[in-house]
Amino acid sequence: MLAGYDTAVFRLGGKELRSRFFLGTGRFPSPAVMQQALEASGAEVITFAVRRVDLDSYEDDSILQHLGERRLHYLPNTSGASTAEEAVRIARLARAAGLGNWIKIEISGSPVTLLPDPIETLKATDILANEGFVALPYTSDDPILCKRLEEAGAAAVMPGASPIGTGLGLLNPYNLELIIENAKVPIIVDAGIGSPKDAAEAMELGASAILANTPVAKAKDPVKMAQAFAMAIEAGRLANEAGRIPKKKYASASSDPAGTLFQHSPWSHKGEGY
């Protein structure tokens, strides 16, 4: 947390969170580095693919076994699912195994782009929300689809900034701003974030939180990058609350021009050889 500041508590699925940084656990060079990055990030929510965990003894997982003493909220995801039926089955297995009722719905519609399948994602969200899951669907940055997911019972909607793992940042901030303005549930920007700058921009637009994995795990120094993301997310949130100045076409002095020697239009020399 930035010294002297405390952004509002983030409430999601009956939980109160101080951190607005959700951290993925994949692709780190080692469990030890992941642990250090998690500590530096201040994250309270971690996500992981259910298919990579032995549900019969998930406490022995190479990542999860080291997290028992931390006060963390698990957000298992349905990565690898290609249909609503597969995603629902994975979610039910995760809950039955004791991983809780939070689920990130992730249904890929293409093995090349890994973009989410909108129809299957909407189906799965409707089913799982009605079964009492805290459903958090990962989706594209389509304002209409995001609204439909909210209406289907999503506890939060997670539009991607750009395709997962690309690091391209916010390809369509206009759409993202529309999604945020029209949402009555938290909007968590997920996928495509490449740097803390991208995270700050999304938060400044009004996002509730950021989920990132690859830009931290694959950084030259994941621990420092995790800390940088935490600071950027908080700075973006504060900037959103503060309210930025409007963009203008021409310059304006920060000091009062009254009393200056020259008071004229910037185009006063038009026709005088300028």
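Residues numbered from 1 in each chain as written. Predicted model: local features only at pLDDT ≥ 70, side-chain atom pairs only at ≥ 80, totals over all residues. Heavy atoms only, no water.

## Observations regarding the overall build of the protein
At step 1: When helices and strands are counted, the protein shows eight helices and 10 strands.
At step 2: Taken across its 274 residues, the protein has 45% of its residues classed as buried.
At step 3: At a minimum sequence separation of 6, the contacts of the protein that also span at least 24 residues come to 65%.
At step 4: Total accessible area on the protein is roughly 14,500 Å²; 53% of this is exposed by carbon and sulfur atoms. (Helix = DSSP H or I, 4+ residues; strand = E, 2+ residues; numbered from the N terminus. Buried < 20%, exposed > 50% of the residue type's maximum accessible area, 1.4 Å probe, protein only. Contact = heavy atoms within 4.5 Å. Areas by Shrake-Rupley, 256 points an atom, 1.4 Å probe, with all protein chains shown as cover.)

## A closer look at the nonpolar core
At step 1: Among the nonpolar cores identified, the biggest contains 53 residues, and Phe21, Phe28, Val189, Ile193, Ile210 and Val216 are the most heavily contacted of them.
At step 2: Considering every element that reaches this core, the biggest residue donor is helix H2 (residues 84-96), with six residues.
At step 3: Among residues more than four places away in sequence, those in contact with Phe28 are Leu23, Val33, Met34, Ala37, Asn213, Val216, Ala217 and Pro222.
At step 4: By size, the runner-up hydrophobic cluster in this structure holds 14 residues, among which are Phe22, Leu75, Trp102 and Ala209. (Core = buried A, V, L, I, M, F, W, Y, C linked by side-chain atoms within 4.5 Å.)

## Concerning the side chain of Glu106
At step 1: Following the sequence through the fold, Glu106 ends up in the loop between strand E6 (102-105) and helix H3 (118-130).
At step 2: For Glu106, a relative accessible area of 13% gives the class buried.
At step 3: Engagement of the side chain of Glu106 in a polar contact is seen with the side chain of Lys104, the distance being 3.2 Å. (Polar contact = N/O pair within 3.5 Å; in protein donor to acceptor, adjacent residues only side chain to side chain.)

## Remarks on the side chain of Lys104
At step 1: For Lys104, the position within the fold is in strand E6.
At step 2: Its relative accessible area of 4% is what places Lys104 among the buried residues.
At step 3: Sequence-distant contacts of Lys104, defined by excluding residues within four places in its chain, comprise Thr47, Leu75, Pro76, Asn77, Thr78, Leu136, Tyr138, Met158, Asp190 and Leu211.

## Thoughts on the packing of aromatic side chains
At step 1: On inspection of all chains with the given rule, the structure shows three aromatic pairs.
At step 2: Measuring from ring centre to ring centre gives 6.3 Å for Phe10 and Phe22, while their planes differ by 35°; the resulting arrangement is tilted. Taken as a pair, Phe10 in strand E1 (residues 10-12) and Phe22 in strand E3 (residues 21-24) lie far apart in primary sequence, 12 residues in all. For the pair shown, Phe10 and Phe22 are each scored as buried.
At step 3: Between the aromatic rings of Phe48 and Tyr74, the centroid separation amounts to 5.5 Å while the plane-to-plane angle is 85°, which identifies the pairing as edge-to-face. (Phe/Tyr/Trp six-rings, centres within 6.5 Å; stacked < 30°, edge-to-face > 60°.)

## Remarks on the packing of H3 against helix H4 (residues 143-151)
At step 1: For the pair H3 and H4, interaxial distance at closest approach is 9 Å and the crossing angle is 20°. Between H3 and H4, the angle is such that the two are roughly parallel. The element H3 and its partner H4 pack so that their crossing is right-handed. Only Leu145, Arg148 and Leu149 of H4 make contact with H3, whose side of the interface consists of Pro118, Thr121, Leu122 and Thr125.
At step 2: Residues that form the contact of H3 with H4 fall into these classes: four nonpolar, two polar and one charged. (Axes fitted to C-alpha atoms, helices over the stretch in contact; angles between N-to-C directions. Parallel < 35°, antiparallel > 145°, perpendicular 65-115°, else oblique. Left-handed = near helix turned anticlockwise from the far one by under 90°. Nonpolar A, V, L, I, M, F, W, Y, C, P; charged D, E, K, R; others polar.)

## Let's talk about H4
At step 1: When we look at burial in H4, the residues that qualify are Leu145, Cys146, Leu149 and Glu150. Viewed end-on, H4 has its buried residues packed into an arc of 145°, placing them on one side of the element. Across H4 from its buried face, at more than 90 degrees, point the exposed residues Ile144 and Glu151.
At step 2: Residues of H4 that are buried make contact with H3, strand E7 (134-139), strand E8 (158-159) and helix H5 (173-182).
At step 3: Sitting at the head of H4, Asp142 places a side-chain oxygen 2.9 Å from the backbone nitrogen of Ile144. (Arc of directions from axis to C-beta.)

## What to know about the pairing of E3
At step 1: In E3, alternate side chains face the same way, and those of Phe21 and Leu23 on one face and Phe22 and Gly24 on the other are all buried.
At step 2: Relative to strand E10 (residues 209-212), E3 runs parallel, the two sharing three bridges. Bridge pairing links Phe21 to Ile210 in E10.
At step 3: Pairing analysis gives three bridges linking E3 to strand E4 (residues 45-49), with the strands arranged parallel. Of the residues in E4, the one forming a bridge with Phe22 is Val45.
At step 4: Note on the crossover from E3 through helix H1 (residues 31-41) to E4: the handedness is right-handed. (Pairing = 2+ DSSP bridges. Right-handed = clockwise from strand over helix to strand, strands pointing away.)

## Things to note about the pattern of salt bridges
At step 1: This structure, assessed with the given rule, holds nine salt bridges.
At step 2: Linking Glu106 and Lys104 is a salt bridge whose minimum nitrogen-to-oxygen distance equals 3.2 Å. The burial state of Glu106 is the same as that of Lys104; both residues are buried.
At step 3: Among the salt bridges present, the one from Asp198 reaches Lys197, with a minimum N-O distance of 3.2 Å.
At step 4: The class for Asp198 is buried, based on a relative accessible area of 7%.
At step 5: On the accessibility criterion, Lys197 (58% relative accessible area) is exposed.
At step 6: What you see here is one network of salt bridges that share partners, running through Lys104, Glu106 and Asp190. (Salt bridge = Lys/Arg side-chain N within 4 Å of Asp/Glu carboxyl O.)

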